[in-house]
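Single-letter residue listing:
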Amino acid sequence: MFVLTLIILSCISVNEARENIRSLNVMDFLQPEDTDHLCYLPLANQTHHCARQCVKGDNRICYYRMVHENYAVLSAACKDCPYKMEDCFLPQCVTADGFEKGIVTVNRRLPGPAIHVCHGDWIVVDVDNRMPGKTTSVHWHGIYNMHTPYMDGVPFISHCPIPHDSQFRYQFRADHVGTNYWHSHAGLSKLNGIQGSLIVREPLDIDPSSKLYDYDIPCHTIFISDWTHVDAEERLPGLRHGDISHDTTFYTINGQGKYRDYNGVLSSTPQKIFDVHKGYRYRFRLIGGVCTQCPARFQIEGHRLIVIATDGYSVKPVVVDAIEFFSGERYDFVLHATREVSNYWMQVRGMDKCFDRDVCQMAILHYEGADLNVPHSPRPSVFNYKFSGVVLNPLNAACQQGEGGICVTQLQSAIPMQKEIYTYKPDLNLELRYGFYKPTRKEEFYSDTYDSFIQIGPNLTMRAMINNIQLLTPSSPLTSQIEDIPEDTFCPNGTDGMPVCPENSPGICTCLSLVYIPKGAVVQMVLIDTYKGSLSHPFHLHGHGFNVISAGYLPPELMNAKDIDGLLRTRKLQFPKSPVMKDTLAVPALGYAVIRFIANNPGFWYFHCHFMYHHAIGMGVILQVGDTKDHPKLPKGLPKCGNYLPPVNVK
């Protein structure tokens, strides 16, 4: 029998919280796995489950079991699918896009089981690793993990990775309202299938957008995954003469879709259908669960989208015709079902380098009463693709008048900003210059070093860096075992307190880049892209949200933190009145971005490029917020891990 110890933090005082510690049978709080198929939200007093209409003061314990295991697309669970369509919906049948391959899954679902809770609920997840020879973890993307940084799910930062045949219990508060998601942060398992949605609702009388929609239901969560027909590991570091791209080749929408084979024949697997009734307004939640480089454009045939939130933060509504999103971003929009009763294409299309290769996927918006066939219009492809309208978040656009786009910097927050964000001079102004280093063949292969790299051409390897440092993952978690990490693992600090390479380092260096931030500091981070190309890197901050102050392009001589800060203070760069909040932001290629946040969540937090292959080879830094004495006390029994290098004794 499982036993759980919980501290109910919603109590009035710390003393009362301590008095309310008790052990519970978690099976009494087990949630269903198929919440993402629920097309209504029951009233709170009509269900004991956590997917419900939220009521102030009604906080619950929401327990989930997640079994991570090797699995397969079109396994024996699918019987005669795709030749017999009803078999494609049998329990534990994963169809993806119809290409048979080995994958990893959580509870034999793609995406994994959805979590739908209310703000303030306690989320308890038991992860059971049944993947032979693989470790795993789960990061709760968008959740702050205030008071529980050891539950953030980043191996060797927040806790040890979860070994094969082991279980690990996550327990944390649903402390960030909005559209979030969970995904593996161990290895490349996210692209292979380990991810799912995590939606945190609030009472309607608190939601600033509640009057704009009639329904907000779990089955209107749109989960976009990029998809390949090979294991993700085959592309790290990558091949020289085969498929050398680190872009995606396919997409799935809620784990479903179709693909064209080499003969141009479309697979017969089902594609996702989203149902609406004419005359109503629906809130949809779009999750960019993609891992690779190409941004994706989402649009719905014949319908405009009223965007009301990004990354869980409410914005003043804007009306667009399409949304471009990057890895880790989320957007909420309202759809007015006012068109003729019929079926309409939902389209996700890869942009930039993926556009010409027709990397796309379709779902169907189905009006109740229409026939259940596909839409009457031709299936979209790059050959019949025509678009005219307003795009939110267009790739590398300046969003000037007449360009037909709305940039993230033009969105306005719908919630009051903390006044400290508007301070004339932030406490810290951190410059993070990122890009790639091209090592010579001798540096990479003949100097007795083993630095991570990616292969992006027959004779071109690249190493990722921030401020000339390729992040080295520690051997033990910073949160729980910082004293066990060898001193020479850490980068030395420069005169400004920022990590630097050791003296006499050729080109770039590999070390543990740890940036200290005093508790409560107002932090300004200036991100500068130094690598030539069209690639726009999305950066994600763990443990905090941030305000987007500025982004775009400047003359090269001004592309530094000091000058950009001066331009903001003199208002030569516009400082927005209500800067949008996010936790993931795509920086324009060869451009800059300025973000600000208040470091009010003590702990060790990862800040990294969210392209999976980039942070896997070191494009990230770790932020230490507050002294270790400010960090929350660790729970008893947290697993330990690290190097085993005893002395060699000779008798």
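Look up a bit, the structure's there.
Computed from a predicted structure; not experimentally measured.

As for the overall build of the protein
In terms of regular secondary structure, the protein is built from six helices and 37 strands. By its C-alpha atoms, the protein is 75 × 60 × 60 Å across when sized along the principal axes. Here the protein holds 651 residues, and the buried ones make up 58% of them. Pairs at least 24 apart in sequence give 76% of the contacts found in the protein among residues at least 6 apart. As displayed, the protein has an accessible area near 27,800 Å², and 52% of this comes from carbon and sulfur atoms.

Observations concerning the packing of aromatic side chains
Across all of its chains, the model carries 18 aromatic pairs by this definition. Centre to centre, the rings of F355 and Y385 are 5.6 Å apart; their planes meet at 70 degrees, and the pair counts as edge-to-face. Taken together, the positions of F355 in the loop between β20 (343-350) and β21 (360-367) and Y385 in the loop between β21 and β22 (391-392) put the pair 30 residues apart, joining distant regions of the chain. Given the relative accessible area of 21%, F355 is considered partly exposed. Where F445 meets F453, the ring centres are 5.5 Å apart and the plane angle is 85 degrees; that geometry is what we call edge-to-face. For F445, a relative accessible area of 43% translates into the label partly exposed.

Here we look at the environment of A76
Checked against the element boundaries, A76 lands in the loop between β3 (61-72) and β4 (102-106). Residue A76 is classed as exposed on the basis of its relative accessible area, which comes to 75%. When the C-alpha atoms of A76 and Q92 are compared, they prove to be 9.3 Å apart, with 16 residues separating the residues in sequence.

Here we look at helix α5 (residues 561-569)
Given 3.6 residues per turn, any residue in an α-helix points the same way as the ones three and four places further on. Inspection of α5 places A561, I564, D565, L567 and L568 among the buried residues, and these make up the whole buried set. End-on, the buried residues of α5 take up no more than an arc of 160 degrees, which puts them together on one face. Where α5 is buried, its residues meet β24 (428-437), β30 (522-529), β32 (546-552) and β35 (592-598). Where α5 begins, the side chain of N560 points an oxygen toward the backbone nitrogen of K562, at a separation of 3.2 Å. At the C-terminal side of α5, R571 shows a positive phi close to 65 degrees.

Considerations on unusual backbone geometry
Of note, the bond from C81 into P82 is cis; its omega dihedral lies within 30 degrees of zero at 10 degrees. Within the secondary structure layout, P82 lies in the loop between β3 and β4. The step from L110 to P111 runs through a cis peptide bond, and the omega angle for that step is -10 degrees. Mapped onto the elements, P111 comes out in the loop between β4 and β5 (115-118).

Notes on the state of the cysteines
On inspection of all chains with the given rule, the structure shows nine disulfides. Here C78 is linked by a disulfide to C93, with a sulfur-sulfur distance of 2.1 Å. Given an S-S torsion of about 105 degrees, the disulfide between C78 and C93 has right-handed geometry. Here the residue C78 occupies a position in the loop between β3 and β4, and C93 occupies one in the loop between β3 and β4, the gap between them amounting to 15 residues. No disulfide involves C609; its nearest neighbouring cysteine sulfur is the one of C291, lying 12 Å away.

Quick notes on the sheet that holds β21
What the seven strands build is an open sheet, ordered β13-β21-β20-β15-β18-β22-β23; its pairing is mixed. Two strands lie at the open edges of the sheet, namely β13 (273-276) and β23 (405-406), each paired on one side alone. Pairing geometry for β20 and β21, over seven bridges, is antiparallel. Looking at the pairing, V348 lines up with Q361 of β21.

Quick look at the side chain of S158
The residue S158 is located in the loop between β7 (139-141) and β8 (167-173) in this model. Among the polar contacts made by the side chain of S158, one reaches the main-chain amide nitrogen of G153 at a distance of 3.0 Å. At 2.7 Å, the side chain of S158 and the backbone nitrogen of V154 are in polar contact. Apart from the residues within four sequence positions on either side, S158 is in contact with P149, Y150, D152, G153, P477 and T479.

A short note on the side chain of H220
Looking at the secondary structure, you find H220 in the loop between β10 (195-201) and β11 (221-227). A distance of 2.8 Å separates the side chain of H220 from the backbone oxygen of D275, its partner in a polar contact. If sequence neighbours within four positions are ignored, H220 has contacts with F274, D275, V276, Y282, R283, F284 and R285.

Brief notes about the sheet that holds strand β16 (residues 305-310)
If you trace the six strands from one edge of the open sheet to the other, you get β12-β11-β14-β19-β16-β17, paired in mixed fashion. Edge strands, defined here as strands with exactly one partner in the open sheet, are β12 (250-253) and β17 (313-320). For this sheet, the mean angle separating the axes of adjacent strands, direction not counted, is 25 degrees. Of the pairings in the sheet, the one linking β16 to β17 comprises five bridges and is antiparallel in character. The partner of I306 across the bridge, within β17, is V319.

Brief notes about the nonpolar core
Grouped together as the largest cluster of nonpolar side chains are 73 residues, with contacts concentrated most on I222, F284, F298, F333, L365 and F607. The element contributing the most residues to this core is β24, with four residues. Formed by 27 residues, the second largest nonpolar core is a distinct cluster that contains C62, M131, I194 and V200.

Some points on the pattern of salt bridges
A side chain of one charge can pair with a side chain of the opposite charge when the charged atoms of the two come close. Under the counting rule described, the total for this entry stands at 28 salt bridges. In this structure, K582 engages E329 in a salt bridge whose closest nitrogen and oxygen atoms are separated by 3.1 Å. Taken as a pair, K582 in strand β33 (residues 581-582) and E329 in the loop between β18 (322-325) and β19 (330-336) lie far apart in primary sequence, 253 residues in all. On the accessibility criterion, K582 (0% relative accessible area) is buried. With its nearest N and O atoms 3.4 Å apart, the salt bridge here joins R433 to E431. Classification of E431 as partly exposed rests on a relative accessible area of 25%.

Observations regarding the environment of P149
Structurally, the position occupied by P149 is in the loop between β7 and β8. In sequence terms P149 and H631 are 482 residues apart; their C-alpha atoms lie 8.4 Å from each other. Every residue in contact with P149, bar those within four places of it in the chain, is listed here: S158, P602, G603, W605 and P632.

Thoughts on the pairing of β30
Burial analysis of β30 places eight of its eight residues in the buried class, which makes it a mostly covered element. Neither face of β30 is open: one carries V522, Q524, V526 and I528, the other V523, M525, L527 and D529, and all of them are buried. Pairing of β24 with β30 involves seven bridges; the strand directions are parallel. Looking across to β30, one finds that R433 is bridged to I528. Note: β30 against β35, seven bridges, orientation antiparallel. Bridge pairing links V523 to F597 in β35.

Rules used throughout
Residues numbered from 1 in each chain as written. Predicted model: local features only at pLDDT ≥ 70, side-chain atom pairs only at ≥ 80, totals over all residues. Heavy atoms only, no water. Helix = DSSP H or I, 4+ residues; strand = E, 2+ residues; numbered from the N terminus. Buried < 20%, exposed > 50% of the residue type's maximum accessible area, 1.4 Å probe, protein only. Contact = heavy atoms within 4.5 Å. Areas by Shrake-Rupley, 256 points an atom, 1.4 Å probe, with all protein chains shown as cover. Phe/Tyr/Trp six-rings, centres within 6.5 Å; stacked < 30°, edge-to-face > 60°. Arc of directions from axis to C-beta. Polar contact = N/O pair within 3.5 Å; in protein donor to acceptor, adjacent residues only side chain to side chain. Disulfide = S-S within 2.5 Å. Pairing = 2+ DSSP bridges. Axes fitted to C-alpha atoms, helices over the stretch in contact; angles between N-to-C directions. Core = buried A, V, L, I, M, F, W, Y, C linked by side-chain atoms within 4.5 Å. Salt bridge = Lys/Arg side-chain N within 4 Å of Asp/Glu carboxyl O.

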